[in-house]
Amino acid sequence: MSKMAEGICTRAIHGDLTPDSATGSILTPIYQTTTYVQDAVGVHKGFTYSRGANPTVAALENVLGTLEDASTVCFSTGMAAITTLFLSLLKTGDHVIVSDVVYGGTVRLFHQVLEQLGIRASFVDTSQLDSVSQAIEPATRLIFLETPGNPTLKLTNIAEVCQLARPRRIRVAVDNTFLTPVLQTVFERGADISVLSTTKYIEGHNATVGGSLSTRDQDILERFRLVRKTMGCIQSPFESWLTLRGLKTLPMRLQCHSANALAVATWLENHPAVRSVLYPGLESFPQRVLAKLQHKNHGGMLAFELKAGAPAAIRLMNSVKLCSLAENLGAVETLITHPFSMSHADVPPAQRNRIGVTDGLVRLSVGLEDPADITADLEQALAASTRDK
Ligand SMILES: *Cc1c(COP(=O)(O)O)cnc(C)c1O
């Protein structure tokens, strides 16, 4: 935890790191090594084998930890982090409450892997505190929130859920991938664990996959480290180095992502072919009051529905030129996706319909290009989507 600096930009650039002691290198080198020579039996410099820990990974954990204001452990992917979270805290017979609007991979993890081990999940509308309350069972050990949720940006009031969970000794984890600790501080709201896919805004340049878990609880932290070492899913040195580089501009990028997304969302809202736009920064957003309370700004993700439905949405996505039709989000390039057929294709249809992942929903990860160029591309693609029927 950083005592060095309060400012978020300073923390993102420096963390608590010092220049490399051997050479003065301002950046932490890529320690591309498997093992570390020990001075004597049991005498070493804190590193013994790179499946357990590595200095470049530790540097990333240092900087991310100062942003989280907690201790951080980094993983090869976001899903490795989420799998480690569940395997660290749960055993056969345990029950978890999960936000119903959630990353598709998290749903697949339960339905196709964890249920076989006898770990049960209820996918619940966590935006309704009553629904969370009703879903709690004697076996409930963990509440896993994703807010804003992917892809409809449904919000959950983190503080309210934590107040419900704490007296019942249920842990609360928040997947904060869409906003990151720069725009949403989950520990201040009472959460026990912060989850990030660093693949997204943290690294931010479409160059790596990675994930992290952060906590202020020493026992949970040790458990995460043990399970990571045992499963073998630590982040690699080069990926960590790229992610450290990305982190330096994270607060600046998120400021620009947020401004661009608001501009694009406002433009889409006024377009005759668009039925509705979901962006927490719009006055029309259904949970606007909670968004203002919980977010410092609203990030780069938005979703919209076309009046002409799925065929038009597919024509739109096939007509974009500047925006790229690609999985992933949170990078400098604007990406457009069709959650129904891409990220949420493995979510059972009934669940998909209930949470609003309709066949005509389009998700946009607004990048850092000039907003006028993004809207110009959408303009021509929307024209094409309504023209050639
Ligand atoms: C991408 C994503 C994940 C999974 O992360 P990977 O790095 O792709 O494994 C988890 N949660 C959310 C919200 C995501 O967007």
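Cut-offs and rules
- Residues numbered from 1 in each chain as written.
- Predicted model: local features only at pLDDT ≥ 70, side-chain atom pairs only at ≥ 80, totals over all residues.
- Heavy atoms only, no water.
- Helix = DSSP H or I, 4+ residues; strand = E, 2+ residues; numbered from the N terminus.
- Buried < 20%, exposed > 50% of the residue type's maximum accessible area, 1.4 Å probe, protein only.
- Contact = heavy atoms within 4.5 Å.
- Near = heavy atom within 4 Å.
- Nonpolar A, V, L, I, M, F, W, Y, C, P; charged D, E, K, R; others polar.
- Pairing = 2+ DSSP bridges.
- Axes fitted to C-alpha atoms, helices over the stretch in contact; angles between N-to-C directions.
- Phe/Tyr/Trp six-rings, centres within 6.5 Å; stacked < 30°, edge-to-face > 60°.
- Salt bridge = Lys/Arg side-chain N within 4 Å of Asp/Glu carboxyl O.
- Domains from an automatic or database assignment.
- Buried area = accessible area lost by both parts, 1.4 Å probe.
- Expected span 1.5 Å × (residues − 1).

*Asks:* Explanation requested: the environment of Phe-304 in the structure shown.
*Replies:* Inspection of the secondary structure puts Phe-304 in strand β9 (residues 301-306). Among the residues examined, Phe-304 registers a relative accessible area of 1% and is labelled buried. Between the C-alpha atoms of Phe-304 and Val-227, which are 77 residues apart in sequence, the distance is 39 Å. Contact partners of Phe-304, with chain neighbours within four places excluded, come to Leu-268, Val-274, Ser-276, Val-277, Leu-316, Gly-360, Leu-361, Val-362 and Leu-364.

*Asks:* Explain the site of the ligand to me, please; I cannot follow it from the model alone.
*Replies:* Around the ligand there are 13 residues in total, and Gly-78, Met-79, Asp-175, Thr-199 and Lys-200 lie nearest to it. Among the elements that line the shell around the ligand, the one with the most residues is helix α3 (residues 78-89), at three residues. Here the shell around the ligand is composed, by residue class, of four nonpolar, six polar and three charged.

*Asks:* When you look at the sheet that holds strand β12 (residues 361-365) in this model, what are you seeing that I'm missing?
*Replies:* Backbone hydrogen bonds hold the strands of a sheet together, and the pairing may be parallel or antiparallel. With respect to topology, five strands assemble into an open sheet ordered β8-β9-β12-β11-β10, the strand pairing being mixed. Bordering the open sheet on either side are β8 (274-278) and β10 (324-325), each of which pairs with just one other strand. Of the strands in this sheet, β8, β9 and β12 touch helix α10 (residues 250-269), which is tilted by about 10° from β9.

*Asks:* Help me understand the packing of aromatic side chains in this model?
*Replies:* Counting across every chain of the model gives four aromatic pairs. With 5.7 Å between their ring centres and 35° between their planes, Tyr-36 and Phe-47 make a pair best called tilted. One end of the pair, Tyr-36, is in the loop between α1 (8-14) and α2 (55-68); the other, Phe-47, is in the loop between α1 and α2, and 11 residues separate them in sequence. Exposure remark for Tyr-36: the relative accessible area of 15% places this residue in the buried category. According to the relative accessible area criterion, Phe-47 is partly exposed, its value standing at 22%.

*Asks:* Where do I start with the pattern of salt bridges in this structure?
*Replies:* Side chains carrying opposite charge are able to pair once their charged atoms draw close together. In this structure the tally under the stated criterion is 14 salt bridges. Here Asp-94 and Lys-91 are joined by a salt bridge, their closest N and O atoms 3.4 Å apart. A relative accessible area of 3% means that Asp-94 is categorised as buried. Ionic pairing is found between Arg-108 and Asp-346, a salt bridge with its closest N-O pair at 2.9 Å.

*Asks:* Looking at this model, I keep getting lost on the domain arrangement of the protein. Mind explaining?
*Replies:* Often, the extent of an interface is quoted as the loss of accessible area on bringing the components together. In terms of domains, the protein is made up of domain 1 (8-247) and domain 2 (251-387). Centre-to-centre, using C-alpha coordinates, domain 1 lies 26 Å away from domain 2. Taken together, the two surfaces of domain 1 and domain 2 that pack against each other cover about 3,500 Å², and 59% of this comes from carbon and sulfur. Counting the surface domain 1 buries against domain 2, the share from its top three residues, Leu-155, Leu-183 and Tyr-201, is 22%.

*Asks:* What exactly am I supposed to notice about helix α4 (residues 104-112) here?
*Replies:* An α-helical turn contains 3.6 residues, so a residue and the one three or four places further along point in the same direction. Buried residues of α4: Gly-104, Gly-105, Thr-106, Val-107, Leu-109 and Phe-110, and no others. Where α4 is buried, its residues contact α3, β2 (95-99), β3 (120-124), β4 (140-146) and α13 (349-354).

*Asks:* What is the right way to read α10 from this model?
*Replies:* The end-to-end C-alpha distance of α10 is 28 Å, a good match for the 28 Å that 20 residues give at a rise of 1.5 Å each. The set of residues buried in α10 consists of Leu-250, Pro-251, Arg-253, Leu-254, His-257, Ser-258, Asn-260, Ala-261, Val-264, Ala-265 and Leu-268.

*Asks:* Help me understand unusual backbone geometry, please; the structure alone is not making it clear to me.
*Replies:* Keep in mind that most residues, glycine aside, have a negative phi and that most peptide bonds are trans. Across the junction of Thr-147 and Pro-148, the peptide omega takes the value -5°, indicating a cis bond. Looking at the element boundaries, Pro-148 is found in the loop between β4 and α6 (158-165). Cis peptide bonds are those with omega within 30 degrees of zero, and the linkage from Asn-150 to Pro-151 qualifies with 5°. Mapped onto the fold, Pro-151 is located in the loop between β4 and α6. A positive phi is found at Leu-153, a non-glycine position, where the angle reads about 65°. Topologically, Leu-153 is positioned in the loop between β4 and α6. In this model, Arg-169 sits at a positive phi of 60°, which is unusual for a non-glycine residue.

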